[in-house]
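Chain by chain, the residues run as shown.
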There are 2 protein chains.
Amino acid sequence: MPDHRTGGGDPAHTLRLLWRQPDDAPRRGPRQGRSLDDILTAAITLADAEGLAAVTMRALAQAVGVAPMTLYTYVPGKAELLDLMLDAIYAGMPRPDRSGAPWRTRVVAVAADNRNLFATHPWAAEVATGRPPLGPGQLAKYEYELRAFDDTGLDDVTRDAALTYVLDFVRAAARSATEARSAQQESAWTDEQWWTANAPLLTQVLDERRFPTAVRVGAAAGAAQNAAYHPDHAYEFGLARVLDGLGVLIDAGPGAND
Amino acid sequence: MPDHRTGGGDPAHTLRLLWRQPDDAPRRGPRQGRSLDDILTAAITLADAEGLAAVTMRALAQAVGVAPMTLYTYVPGKAELLDLMLDAIYAGMPRPDRSGAPWRTRVVAVAADNRNLFATHPWAAEVATGRPPLGPGQLAKYEYELRAFDDTGLDDVTRDAALTYVLDFVRAAARSATEARSAQQESAWTDEQWWTANAPLLTQVLDERRFPTAVRVGAAAGAAQNAAYHPDHAYEFGLARVLDGLGVLIDAGPGAND
DNA sequence: CAGTAACTTCGTACATTGTACAACGTACTG
DNA sequence: CAGTACGTTGTACAATGTACGAAGTTACTG
């Protein structure tokens, strides 16, 4: 009896899929016409091209060339599909040997790797992963990225926290960038149009006496960054702060170096 | 003709709602039975109690005591409703005078205020705000929080970036906490159940030779933090790093102090 | 004071989503 | 060869946001 419980009903099954562990029972009936990876490749391509919202079971089925319900013989449900997509793109990330470089260089590179991931697959930053899928991609990624903190003198618990801190930063930056981009596209208003349309009410309401700092700083920030530039700037600024913050922790340690 | 365009079709209208600017045209027809704030209060209560997913137009209408479609005379659509909810809770945040305290104290307090906001209204961290709703709550919040960087010597552009950096950190931490919590609830599996159910496959697959660092660090991190404690720890660790990172920037400035 | 226009309220309806269910055919097991 | 487990698919259902139009209510216009 096929087990199509609602999303996440059977974590053991998802784990078997993540690790591509074939069901040990002898297979009867017709063989499957596609592979799990066929499904995942199509899903990732679809998500890359048209966003996570475009990945509906029907659209995916059409891309794969099967009926919608057929997908459920490959994947227990949509939640598991997303987990598998995520693990697949994790598995494909580059992992060059950087063991010679100082820790700052390595951490910058890890951040950049993740930033590139989110640039190629913006949807990845949106997928909720409360209990992250412990697949081979996720694990290889974790293993590799932990190595960025080799020779920093951090104990294991702190090392995990430091990595989480860096990754959460990059992910948040990616989400902000995506939100800004989609807000602009969805509304179909350029920033200029928006401002001229709302200027009358805004000038009336943005009282410099009530909000002196906000008006001044907002104007300065808005002028300095034409909106397109903003996400990049936020990333650069934030990454510098992240490194400085970790630097205080690491370089203060006993016999700190690198 | 009432204008019910699809979400975000008319930003000027949303602005008028945010600032409670009454339509200047003379009102004909029956007066509305509720106020916009009635709607928002009900929506926020609903979201606080049952999550953002529970805020459907039908459920909200029932809570307010009207038919679903009636809501559209108060609000152009669901997207605008969310913007208004967000601005409303921003408006309600505490803003005590902390002008005497050193900047670190002020920034810690700002972070804590936001953390409390997300503790009370977890849904707020999930609402996408590409172009943030420039309402009175948002603006008062921005004005107040920028003041945390008074006397730090930061120029206006940097001050905005620094605040964004702090707020994005808190928001990311809140999202992680929410994701972890909901993953646990949805699956209805305790962590213990999950581990014992998956131990057979995991021990087979978590090869210490392939993933030596990951297995060791993961075990250490898992042991140090029983899962319930994890979000708090990540927040404390991250906030310390955020402050250190800003400290390098601020205390290095010309005539730096406070 | 009558007529009209603007406005609120709401019932119905539609497209879209994930996925449960059952029918049907296929291939392996006994 | 019979039985059974499985792959594939058509149909169907509940839930969502919201478009549309009817019905009723109020204020402005002449």
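Residues numbered from 1 in each chain as written. Chains lettered and ligands numbered in written order. Predicted model: local features only at pLDDT ≥ 70, side-chain atom pairs only at ≥ 80, totals over all residues. Heavy atoms only, no water.

### Let's talk about the packing of aromatic side chains
Here comes step 1: By the definition in use, this model includes 8 aromatic pairs over all chains.
Here comes step 2: Their ring planes at 70° and their centres at 6.5 Å tell us that Trp19(A) and Phe211(B) sit as a pair that is edge-to-face. Of this pair, Trp19(A) sits in the loop between helix H1 (11-18) and helix H2 (36-50) while Phe211(B) sits in the loop between helix H8 (191-205) and helix H9 (212-224), each in a different chain.
Here comes step 3: Between the aromatic rings of Phe169(B) and Tyr235(B), the centroid separation amounts to 5.8 Å while the plane-to-plane angle is 25°, which identifies the pairing as stacked. In this pair, Phe169(B) sits in helix H7 (residues 156-187) while Tyr235(B) sits in helix H10 (residues 230-251), placing the two residues 66 residues apart along the sequence. Exposure class is identical for Phe169(B) and Tyr235(B). Each is buried.
Here comes step 4: Every member of this aromatic cluster is reached through a ring pair, and the members are Tyr165(A), Phe169(B), Tyr235(B) and Phe237(B).
Here comes step 5: For the cation-ring pair, Lys141(A) lies above Tyr90(A), with the distance from its terminal atom to the ring centre recorded as 5.0 Å. (Phe/Tyr/Trp six-rings, centres within 6.5 Å; stacked < 30°, edge-to-face > 60°. Helix = DSSP H or I, 4+ residues; strand = E, 2+ residues; numbered from the N terminus. Buried < 20%, exposed > 50% of the residue type's maximum accessible area, 1.4 Å probe, protein only. Lys NZ or Arg CZ within 6 Å of the ring centre and 35° of its normal.)

### Details of the pattern of salt bridges
All names here are of chain A.
Here comes step 1: For the structure shown, the criterion picks out 26 salt bridges over all chains.
Here comes step 2: Arg20 serves as the salt-bridge partner of Asp37, at 2.8 Å between the closest nitrogen and oxygen. On the criterion of sequence distance, the pair formed by Asp37 in helix H2 and Arg20 in the loop between H1 and H2 is long-range, its members being 17 residues apart.
Here comes step 3: For Asp37, a relative accessible area of 40% corresponds to the partly exposed category.
Here comes step 4: Glu143 is the partner of Arg147 in a salt bridge, and the nearest nitrogen-oxygen pair spans 3.2 Å.
Here comes step 5: What you see here is one network of salt bridges that share partners, running through Glu143, Arg147, Asp150 and Arg159. (Salt bridge = Lys/Arg side-chain N within 4 Å of Asp/Glu carboxyl O.)

### Examining the UniProt feature "DNA-binding region" (unreviewed entry) in chain A
Here comes step 1: Here the UniProt feature "DNA-binding region" (unreviewed entry) sits at residues 56-75 of chain A.
Here comes step 2: As a span, residues 56-75 of chain A carries 40% helix and 0% strand, and end to end its C-alpha atoms are 14 Å apart. (UniProt positions renumbered as here; feature names shortened; annotations may be inferred.)

### Things to note about the interface of chain B and chain A
Here comes step 1: With 70 residues of chain B in contact, the opposing surface of chain A contributes 70 residues.
Here comes step 2: Interface area, chain B with chain A, both sides summed: about 6,200 Å², of which 67% is carbon and sulfur.
Here comes step 3: The interface formed by chain B and chain A holds 6 salt bridges in total.
Here comes step 4: One salt bridge connects Arg216(A) with Asp156(B), and the closest N-O pair in it is separated by 2.7 Å.
Here comes step 5: Counting residues per element, the ones that place at least two in the side of chain B that touches chain A are helix H1 (11-18), helix H6 (136-146), H7, H8, H9 and H10 of chain B.
Here comes step 6: It is H7(B) that provides the largest number of residues to the side of chain B that touches chain A, a total of 19 residues.
Here comes step 7: Among the residues making up the side of chain B that touches chain A, the classes are represented as 37 nonpolar, 17 polar and 16 charged. (Contact = heavy atoms within 4.5 Å. Buried area = accessible area lost by both parts, 1.4 Å probe. Nonpolar A, V, L, I, M, F, W, Y, C, P; charged D, E, K, R; others polar.)

### Digging into the packing of helix H6 (residues 136-146) of chain A against H9(B)
Here comes step 1: In the contact formed by H6(A) and H9(B), the axes pass within 8 Å of each other and the chain directions differ by 90°. Between H6(A) and H9(B), the angle falls in the class roughly perpendicular. Counting all contacts with H6(A), which are made through Leu139(A), Tyr142(A), Glu143(A) and Leu146(A), the residues of H9(B) involved are Pro212(B), Thr213(B), Ala214(B), Val217(B) and Gly218(B).
Here comes step 2: Of the residues that constitute the contact of H6(A) with H9(B), the class distribution is 6 nonpolar, 2 polar and 1 charged. (Axes fitted to C-alpha atoms, helices over the stretch in contact; angles between N-to-C directions. Parallel < 35°, antiparallel > 145°, perpendicular 65-115°, else oblique.)

### Comments concerning the UniProt feature "domain: HTH tetR-type" (unreviewed entry) in chain A
Here comes step 1: Per the UniProt record, "domain: HTH tetR-type" (unreviewed entry) is found at residues 33-93 of chain A.
Here comes step 2: Its end C-alpha atoms 28 Å apart, residues 33-93 of chain A is made of 61% helix and 0% strand.

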